[in-house]
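# Examining the three-dimensional arrangement
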Amino acid sequence: MTTIGSTTPTASPGPHRTTAPRGSGPASPPAPAPAPAGRSPLKGRLAVLAVTLGIFTIVTTEILPIGLLTRIGADFGVSDGTAGLMMTLPGFLAACAAPTVTLATARIDRRLMLCAFVALLALANFLAATAPVYGLVLLSRVLVGIVIGGFWSIGVGLAERLVPAESAGRATAVIFSAVPLGSVIGVPAGTFLGDLAGWRIACAAVGALAVAVLVLTALVVPALPAVRATGPALLRRTLRGVHTRFALLMTFLIVLAHFGAYTYVTPFLERTAHVATAGTVTAFLLVYGLAGVVGNFAGGAVVARRPRLVFGAAAGLTALATLLLPVLGRGPAGALALLVVWGVAYGAVPVASQTWFAKAAPGAPEAASVLFTASFQATLSLGALAGGMVVDRTSPSVVMTLGGATAALVVLVAWLHRAKQPAWPSS
């Protein structure tokens, strides 16, 4: 999901209390099942690799249209805003799928669910690659949204069941590293392939990768009976926490700002920054992705201690970069410099948001993960939709300005949270 996650395993907030602090969320759920006995370390590492590659393929699929937006739109004769629906639909569907799948599949083996979602992802990519009309491309993106919400809600918490307890933290970090790597490797590689051979070949290539991941998952991931059931009552209790509500508000604003602007960064680079060739646009997106990895590691290093600082700083830098792009980014050099700032800033956002949700509900990590995924994906799609409506009526520069103004609001909300809620729930 460009989607969501970090290279720092922050989803587990620490030892759980028997009774949750007042206003912070519910009591802790049952302890997770231990890693399967008798499994070799190699098999455990291969299983972690399979989950990591699954998330990498999902992230690549979800945000690949950003690099190919103008090509796909031109092929079907649709506007940039209409082409932006390729980003809008998966987010809305993922937001619905995250809680729905968690509630509906509580007793289904997680290995079977992972295989089913990866198979659906392969089908979605092949459908897009062969679609004769734009409507079928959008149908493929509906399938992608179901995969994002479903796979993410069960996949990211499996590390502790695949490897021994002493290796669970490292394994979780590896799984989350798939998110920035999807931006750094998957999307630029897919965009380059699209420039070289066409966007349909790029989609087919990602579909082939999904098939390979499906085979690996079926071979190396052990049977994983579901052991953590998150019910509607638990989600409702978690939502009542004031820290959770601040997490929802800040995530809504920053993701709306980012994806409202970033979905249309390719038209901005081509038309406003005068980046001459498609290959150069790909290179700019690669630099942005690398900057995002730096931001992800930098934010992850301090976010557990200073979540407000990380969230506020990331939002402030995002606002600065997007507000200045229409002014200082009217040439390739200025645009590239501001993309680096933007990449570093946004790279810290998923880890900051996820950590905030985890600290808001220390006794309900799965419920916090579901709320994080649902809110992130819903706002991603809303941002892409809002940006599309603006870009069709105005210009990419206006989209950047509005995105920057929205990001600036996050800094204010972080300050209000510090003023009104100086203490976090005890973990």
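In every chain, residue numbers begin from 1 and rise along the written sequence. Note on the predicted model: pLDDT of at least 70 is required for a residue's local features to be given, and 80 or more for side-chain atom pairs to be given and counted; whole-chain, interface and lining totals, by contrast, use all residues. Note that water and hydrogens are dropped before the side-chain values are worked out from all heavy atoms of the structure.

### Topic: unusual backbone geometry
This is how the line gets drawn: Put simply, DSSP marks the helices as runs of H or I at least four residues long and the strands as runs of E at least two long, and each gets a number from the N terminus on.
Its identity as a non-glycine residue notwithstanding, His274 has a phi of 60°, on the positive side. With respect to the helices and strands, the residue His274 is situated in the loop between helix H12 (265-271) and helix H13 (278-302).

### A look at the packing of helix H1 (residues 41-76) against helix H5 (residues 134-155)
Angle between the axes and distance between the axes: these two values describe a pair of packed helices. Heads up, the rule is: Here the axes come from fitting lines to C-alpha atoms, over the contacting stretch only for helices, and the angles between their N-to-C directions go from 0 to 180 degrees. Orientation labels follow simple angle bins: below 35 degrees gives roughly parallel, above 145 gives roughly antiparallel, 65 to 115 gives roughly perpendicular, and whatever is left gives oblique. Left-handed describes a crossing in which the near helix is turned anticlockwise from the far one by less than a right angle; the clockwise case is right-handed. For this analysis, residues touch if any pair of their heavy atoms sits within 4.5 Å. Classification convention: Asp, Glu, Lys, Arg as charged; Ala, Val, Leu, Ile, Met, Phe, Trp, Tyr, Cys, Pro as nonpolar; all other residues, Gly among them, as polar.
For the pair H1 and H5, interaxial distance at closest approach is 11 Å and the crossing angle is 160°. The angle between the axes of H1 and H5 places the two elements in the roughly antiparallel class. Remark: the crossing between H1 and H5 carries left-handed chirality. Here Val51, Gly54, Ile55, Ile58, Thr61, Glu62, Pro65, Ile72 and Phe76 of H1 lie close against H5, whose contacting residues are Tyr134, Val137, Arg141, Val144, Val147, Ile148, Phe151, Trp152 and Gly155. Across the contact of H1 with H5, the residue classes break down as 13 nonpolar, three polar and two charged.

### Observations concerning a nonpolar patch on the surface
What counts here: What makes a patch is a set of residues exposed beyond 30% relative accessible area and free of salt bridges, joined within 9 Å when like-charged and within 5 Å when nonpolar (Val, Leu, Ile, Met, Phe, Trp, Tyr). Areas reported as accessible are Shrake-Rupley estimates using a 1.4 Å probe. Residue values count occlusion only from the protein chains shown. Salt bridge, as applied in this entry: a Lys or Arg side-chain nitrogen positioned within 4 Å of an Asp or Glu carboxyl oxygen. Here's how the labels work: a residue is buried when its accessible area is under 20% of the maximum for its type, exposed when over 50%, partly exposed in between, all with a 1.4 Å probe on protein chains only.
A cluster of nonpolar side chains, Phe92, Leu249, Phe252, Leu382, Leu385 and Met389, forms an exposed patch at the surface whose accessible area comes to about 460 Å². Among the elements of the structure, helix H11 (242-262) and helix H17 (365-393) are those that each provide at least two residues to the nonpolar patch. When residues of the nonpolar patch are assigned to their parent elements, the largest contribution, three residues, is made by H17. With respect to the element layout, Phe252 can be found in helix H11. Judged by its relative accessible area of 32%, Phe252 is partly exposed.

### A look at the packing of aromatic side chains
Spelled out, the test is: In summary, the pairing rule links any two rings of Phe, Tyr or Trp, Trp by its six-membered ring, whose centres are within 6.5 Å, and it sorts them by plane angle into stacked for under 30 degrees, edge-to-face for over 60 and tilted for everything else.
The full count for this structure, using the stated rule, is seven aromatic pairs. Ring centres 5.9 Å apart and planes at 90° place the aromatic pair Phe259 and Tyr346 in the edge-to-face group. Residue Phe259 is found in helix H11, and its partner Tyr346 is found in helix H15 (residues 332-347); the two are separated by 87 residues along the sequence. Like Tyr346, Phe259 is buried. Between Phe311 and Trp356, the aromatic rings sit 5.7 Å apart at their centres with planes inclined by 75°, giving edge-to-face as the arrangement. Of the two residues, Phe311 is situated in helix H14 (residues 307-328) and Trp356 in helix H16 (residues 349-360); the sequence distance between them amounts to 45 residues. Trp356 sits in the buried class, given a relative accessible area of 0%. Ring pairing ties together the aromatic residues Phe76, Tyr134 and Trp199, which thus form one cluster.

### Brief notes about the pattern of salt bridges
Under the definition given, this model contains two salt bridges. The salt bridge involving Asp195 is made with Arg71; its shortest N-O contact spans 2.9 Å. With Asp195 in helix H8 (residues 178-197) and Arg71 in helix H1, the pair connects residues that are 124 residues apart, well separated along the chain. Between Asp75 and Arg200 there is a salt bridge, and its shortest N-O distance comes to 3.9 Å. Taken as a pair, Asp75 in helix H1 and Arg200 in helix H9 (residues 199-220) lie far apart in primary sequence, 125 residues in all. A relative accessible area of 27% means that Arg200 is categorised as partly exposed.

### Quick look at H8
Rules: At every residue, the bend is computed as the angle between two fitted axes, covering the seven residues ending there and the seven beginning there respectively.
At Gly186, H8 shows its strongest bend, of approximately 25°, with the proline Pro188 following within four residues. Turning to H8, its buried residues are Ala178, Val179, Pro180, Gly182, Ser183, Val184, Gly186, Val187, Pro188, Gly190, Thr191 and Gly194.

### Topic: the environment of Leu143
Its place among the elements puts Leu143 in helix H5. In this structure Leu143 comes out as buried when scored by relative accessible area, which is 17%. Residues Leu143 and Leu120, 23 residues apart in the sequence, show an inter-C-alpha distance of 6.9 Å. Non-local contacts of Leu143, meaning those with residues more than four positions away in its chain, are made with Leu120, Leu123, Ala124 and Leu127.

### Quick notes on the side chain of Ser397
Of note, Ser397 is situated in helix H18 (residues 396-420). Beyond its immediate stretch of four places on either side in the chain, Ser397 contacts Phe268, Thr272, Pro326 and Arg330.

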